[in-house]
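# A look at the structure
Residue-level listing of the chains:
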Amino acid sequence: MAEEMYWQQGDTRAYPALRGRRTADAVIIGGGLTGLTVALWLCRAGLRVILLEARTLGSGSSACCLGRVSLLGGTSLVRLEKRFGQEGASACVSARQNALYALREMSREDGASFGWHTLDDRVLGSGKALFQEAEAFRRAGVALETEKAFSSRFTGEDSLMLRDMAALHPLRYLHFLARQGETRGLKIFEHSRVVALETNLASTERGSVQAPYIVVATGYPIVNTPGWYFLRTVQRKGCLIPLNDASGLESMLSALDGRFAIRPLQRGALAQLSLSRVGEKSDCSAVELCRERLSPYLESLPSGPCYDGTEVYSADGLPYIGPYGRRTPNLFVAAAYSGQGILGSVTSAQIISARILGLRCEGDLLFSGQRKAAASHVEALKTCCSIGTRYLGGLFRTRAPRCPHLGCRMRFNPSSRLWECPCHGSQFDGIGHWRNGPAVHDATIRRR
């Protein structure tokens, strides 16, 4: 897979590393879409904010973002209805609508040149599943159109269409957020990985920031307790693959089960695939999977390259947004959007900024990391059992290096040439330098 991220081609923006001790009203850990959006919301409220990024802005989950902005996608609304009831599912849709409205308003601001394009969104699936999804959205107050064979290449396929959704350029949007934050006093530091957190102190290898409020927006939460998010969160591999020819594709297109999504570009299109969990073996390459999944829908299929990344999923399908735990009201988490990263980042900014400012916000309790849902606990137990199985399996790989996060034996991925932790998804290069995941220290790789 290509090491350079698709949206970062030709990008030359850089920020200094943190050195010495600083103070602020809030410190944001993570320089992706979530971290920058939360930082901007807090800066607009007049707070002094410092943002710390371990590598470079947008190099984490945001680098694998398709730029699709839609109420569709992510966890199925039918699934959310079963777990949280109709009221919970409707509240989730309402939060997505509020985030979509906020994004539209930002796209009209001066200097907002992040490629906002209004597009229809079409989802493919089996007739029964699509009908149930359409009914769930109808109960939530959103009308979807049902179509059959909207193109000669899709004969026999059923689809749902939602009009007036949008697509944007993730990197330009991310830089817009950074510029808007900087004009309001935001301080950004790159290559400043946080290695320790205390009550009101975030420490890097060369400096620290003292602040009464700390927001962990690292994709996969880097703090294990409170919250125990490592038992309720998984990382899955994803990739972006450019398509040279997408003739006849006038709307965004995706599969109901989340296997793939496609958005048209000015020239060609861009496909996003959801792959296996980080640390799991894969029988075929991402390009081969792309050909297999998209061959019924596109005439021209890719031959490469593939730009890889990760997506974080929660146990029950809803993101974790709010206080880290019941006894940490000043430590916040924003993670696990399950494929709805752009809208999820705005929802996180709305909820967390409201909590810090002492305001009420819709969806506060629904997305809380301490939410009480029986299905959530069941899924957490399944995830815990799965992690335990992977940990025990690693005991037989006696020469494999251990992950510095919680000591799991790692597995080497020859396609990406990275050491991957099958338990919690941390990734390291061939000499043990940290690349991704909840680990905050480098790994020890002993050569034979």
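That block above? That's the structure.
The present account deals with the structure reproduced in this document. Note that the structure is predicted; figures quoted are calculated from it, not measured.

Conventions we followed
- Residues numbered from 1 in each chain as written.
- Predicted model: local features only at pLDDT ≥ 70, side-chain atom pairs only at ≥ 80, totals over all residues.
- Heavy atoms only, no water.
- Disulfide = S-S within 2.5 Å.
- Helix = DSSP H or I, 4+ residues; strand = E, 2+ residues; numbered from the N terminus.
- Buried < 20%, exposed > 50% of the residue type's maximum accessible area, 1.4 Å probe, protein only.
- Phe/Tyr/Trp six-rings, centres within 6.5 Å; stacked < 30°, edge-to-face > 60°.
- Core = buried A, V, L, I, M, F, W, Y, C linked by side-chain atoms within 4.5 Å.
- Pairing = 2+ DSSP bridges.
- Axes fitted to C-alpha atoms, helices over the stretch in contact; angles between N-to-C directions.
- 1 Å grid on protein atoms, 1.4 Å probe; cavity = no way out; pocket = protein on both sides within 12 Å on 5 of 7 lines; lining within 4 Å.
- Points joined across faces, edges and corners; volume = space filled by probe spheres on them.
- Contact = heavy atoms within 4.5 Å.

Per the counting criterion, the structure on display carries one disulfide. Two residues share a disulfide in this structure: C408 and C423, whose sulfurs sit 2.4 Å from each other. Around the S-S axis, the bridge from C408 to C423 shows a dihedral of about -105° and counts as left-handed. In this pair, C408 sits in the loop between α7 (374-394) and β20 (411-413) while C423 sits in the loop between β21 (418-420) and β22 (427-428), placing the two residues 15 residues apart along the sequence. Taking relative accessible area as the criterion, C408 reaches 4% and is therefore assigned buried. Residue C423 is classed as buried on the basis of its relative accessible area of 2%. Among the cysteines around C403, which has no disulfide bond, C421 carries the closest sulfur, lying 4.1 Å off.

What follows covers the packing of aromatic side chains. Each pair of aromatic rings is reported with the distance of its centres and the angle of its planes. Scanning the model with the defined rule gives six aromatic pairs in all. For the ring pair W228 and F230, a centre distance of 5.8 Å and an interplane angle of 45° mean the geometry is tilted. When its relative accessible area of 10% is taken as the criterion, F230 is described as buried. Through pairs of rings, three or more aromatic residues link up here, namely F114, Y173 and F176.

Time to look at the nonpolar core. Of all hydrophobic cores here, the largest spans 73 residues; its most connected members are L36, V49, V69, L103 and Y173. In terms of residues, this core owes the most to one element, helix α2 (residues 77-107), which gives 13 residues. By size, the runner-up hydrophobic cluster in this structure holds 27 residues, among which are A24, V312, Y320 and L331.

One open sheet holds the four strands; their spatial order is β1-β11-β10-β9, and the pairing between them is mixed. Each end of this open sheet is capped by a strand with a single partner; those strands are β1 (20-23) and β9 (194-197). Between one strand axis and the next, the sheet turns through 20° on average, direction left out of account. Where strand β10 (residues 201-204) lies against strand β11 (residues 207-210), three bridges are found, and the strand directions are antiparallel. The residue of β11 that forms the bridge with S203 is S208.

Scanning all chains against the criterion turns up three cavities of 30 Å³ or more. When its volume is computed, the largest cavity comes out at roughly 150 Å³. Elements with a contribution of two residues or more to the lining of the largest cavity: α2 and α6 (341-356). Volume-wise, the second largest cavity comes out at about 50 Å³. Around the second largest cavity, the lining residues are W7, Q8, L33, G58, S62, A63, P170, L171 and L174.

Each strand in a sheet pairs with its neighbour through backbone hydrogen bonds, running either in the same direction (parallel) or in the opposite one (antiparallel). Strand order across the open sheet formed by six strands is β8-β3-β2-β12-β19-β18, with mixed pairing between neighbours. Because the sheet does not close on itself, it has two edges, and the strands there are β8 (187-189) and β18 (320-323). Each neighbouring strand pair of the sheet contributes to a mean axis angle of 15°, computed without reference to strand direction. Where strand β2 (residues 26-29) and strand β12 (residues 213-219) come together, four bridges link them in parallel fashion. When the bridges of β12 are listed, V27 appears paired with I214. Set on the sheet, helix α1 (residues 33-44) makes contact with β2, β3 (49-52), β8, β12 and β19 (331-335); between it and β3 the angle comes to about 175°.

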